Amino acid sequence: MLVSEVVPHLFDPLVDAQDATLVRLLASRRSIRRLRPGPLAPATLERIVAAAQLTPAAFNRPSWHLVVVHERRADLWAELEAAFRERLEGERLSRYLDRLEGFRQGIGALLLYEDRAAVEAMRAANQIDEERARAYSEQALGMVQLALWLALTDEGLATSLQHWEALAGDRLAAFLGLPADRYRLVATMPFGYPAEEPRPVERPDPNRVVSIESFTPVGDGESAPSRVASASRLAS
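Residues numbered from 1 in each chain as written. Predicted model: local features only at pLDDT ≥ 70, side-chain atom pairs only at ≥ 80, totals over all residues. Heavy atoms only, no water.

A.B. asks: Is there a simple way to explain the nonpolar core in this structure?
C.D. replies: As a rule of thumb, soluble globular proteins bury nonpolar side chains together. In terms of nonpolar packing, the biggest core is built from 29 residues, with Leu-76, Leu-80, Phe-84, Leu-111 and Tyr-113 touching the most fellow members. At the level of elements, strand 2 (64–69), helix 4 (73–87), helix 5 (90–104), strand 3 (108–115), helix 8 (165–176) and strand 5 (183–194) are the ones that each hand at least two residues to this core. When residues no more than four places from it in sequence are discounted, the contact partners of Phe-84 are Leu-93, Tyr-96, Leu-97, Leu-100, Trp-164 and Leu-167. Counting 23 residues, the second-largest nonpolar core is a separate cluster that includes Ile-48, Leu-112, Ala-151 and Tyr-193. (Core = buried A, V, L, I, M, F, W, Y, C linked by side-chain atoms within 4.5 Å. Buried < 20%, exposed > 50% of the residue type's maximum accessible area, 1.4 Å probe, protein only. Helix = DSSP H or I, 4+ residues; strand = E, 2+ residues; numbered from the N terminus. Contact = heavy atoms within 4.5 Å.)

So this is what it looks like as structure tokens:
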């Protein structure tokens, strides 16, 4: 059954923006790559910690460790710049350095790691195979990234997901004092106050991503019936 036949209200992601905090946060969350400085209030840090602490995990065994860098952020950016210069060149190096420059003025960065020992402990304690344990860990890591992103958005801050593991994983592990054989860098989230307007984004047709009661296919380029305008364009 098509979503629009049951809950056509959902076609407009801003309808509940004033009333439903989750809808508002999901609608306003964007990737921002130009940041400006500002205060990091103790209450904001508490929200970040709570987001990491309260995210659910399979068997209640979190497979992540979050490192919040604020006071040492200038050194963090220097380490990343050194890693980029060591492993990149030409136009690609220029692009990475330009992006890094957009983050330098921000408040800091969240570095999310997978704890391999925690994954193995979950596997052994629950007698599951390695493939399933890895899948459970990946699902949990995705959830904690979203939880952190929404927590920052709720604080009026901006962030994005940066995947610098291959370029700087070893350097960052040494910089943070993490045993690289146990902790795997999953994502880096530079955060701060937004210094650019978000890019436009077109939300997917809900009928393409949700069915009610049974699968109802929607072909490429095909719009399902709806009582509201489809494909609302939002600022990204």
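A.B. asks: Before we go on, may I ask you to explain the confidence of the model for the protein in this structure?
C.D. replies: One rule of thumb: low pLDDT means the predicted coordinates there are not for detailed reading. On average, residues of the protein carry a pLDDT of 88, and 84% of them reach 70 or more. The low-confidence segment residues 13–17 (pLDDT under 50) makes 12 contacts with residues lying over four places distant or belonging to another chain. In this model, residues 224–236 is a region of pLDDT below 50 whose contacts with residues beyond four sequence positions or in other chains number 41 contacts. (pLDDT = per-residue confidence, 0-100.)

A.B. asks: How do you make sense of the pairing of strand 3 when you look at a structure like this?
C.D. replies: Both faces of the sheet carry side chains from a regular strand, because those side chains alternate between them. Counting buried residues along strand 3, 8 of its 8 residues qualify, which places the element largely inside the surrounding structure. Here strand 3 shows a buried face lined by Gly-108, Leu-110, Leu-112 and Glu-114 and a second buried face lined by Ala-109, Leu-111, Tyr-113 and Asp-115. Pairing of strand 2 with strand 3, which is carried by 6 bridges, proceeds in the antiparallel orientation. Paired with Val-69 across the bridge in strand 3 is Ala-109. Bridging between strand 3 and strand 5 involves 8 bridges; their strand directions are antiparallel. Of the residues in strand 5, the one forming a bridge with Glu-114 is Arg-184. (Pairing = 2+ DSSP bridges.)

A.B. asks: Looking at this model, I keep getting lost on unusual backbone geometry. Mind explaining?
C.D. replies: Excluding glycine, residues mostly carry a negative phi; peptide bonds, for their part, are mostly trans. Positive phi is not limited to glycine here, since Phe-59 has a value of about 60°. Relative to the helices and strands, Phe-59 resides in the loop between helix 3 (42–54) and strand 2. Its relative accessible area of 43% is what places Phe-59 among the partly exposed residues. Phi angles above zero are rare outside glycine, and Asn-60 is one such case at about 55°. With respect to the helices, strands and loops of the structure, Asn-60 is situated in the loop between helix 3 and strand 2. For Asn-60, a relative accessible area of 68% puts it in the exposed group.

A.B. asks: I keep staring at the packing of helix 6 (residues 116–126) against helix 7 (residues 130–154) and nothing clicks. Help me out?
C.D. replies: Packed helices, taken two at a time, are described by their axes: the angle between them and the distance between them. Packing of helix 6 against helix 7 leaves a shortest axis separation of 9 Å and a crossing angle of 125°. Here helix 6 lies oblique to helix 7, going by the angle between them. Like other packed secondary-structure pairs, helix 6 and helix 7 cross with a definite hand, here right-handed. Seen from helix 6, the contacting residues are Val-119, Met-122 and Arg-123; seen from helix 7, they are Glu-130, Ala-133, Tyr-136 and Ser-137. (Axes fitted to C-alpha atoms, helices over the stretch in contact; angles between N-to-C directions. Parallel < 35°, antiparallel > 145°, perpendicular 65-115°, else oblique. Left-handed = near helix turned anticlockwise from the far one by under 90°.)

A.B. asks: Got a minute to help me understand helix 7 in this structure?
C.D. replies: An α-helical turn contains 3.6 residues, so a residue and the one three or four places further along point in the same direction. Between the first and last C-alpha of helix 7 there are 36 Å, a value that for 25 residues agrees with the 36 Å anticipated at 1.5 Å per step. Those residues of helix 7 lying buried are Ala-133, Ser-137, Ala-140, Leu-141, Val-144, Gln-145, Leu-148, Trp-149, Leu-150, Ala-151, Leu-152 and Thr-153. The backbone nitrogen of Glu-131 has a side-chain oxygen 3.3 Å away, supplied by the residue at the start of helix 7, namely Asp-129. Gly-156 occupies a position one or two residues after helix 7 and carries a positive phi of about 80°. (Expected span 1.5 Å × (residues − 1). Polar contact = N/O pair within 3.5 Å; in protein donor to acceptor, adjacent residues only side chain to side chain.)

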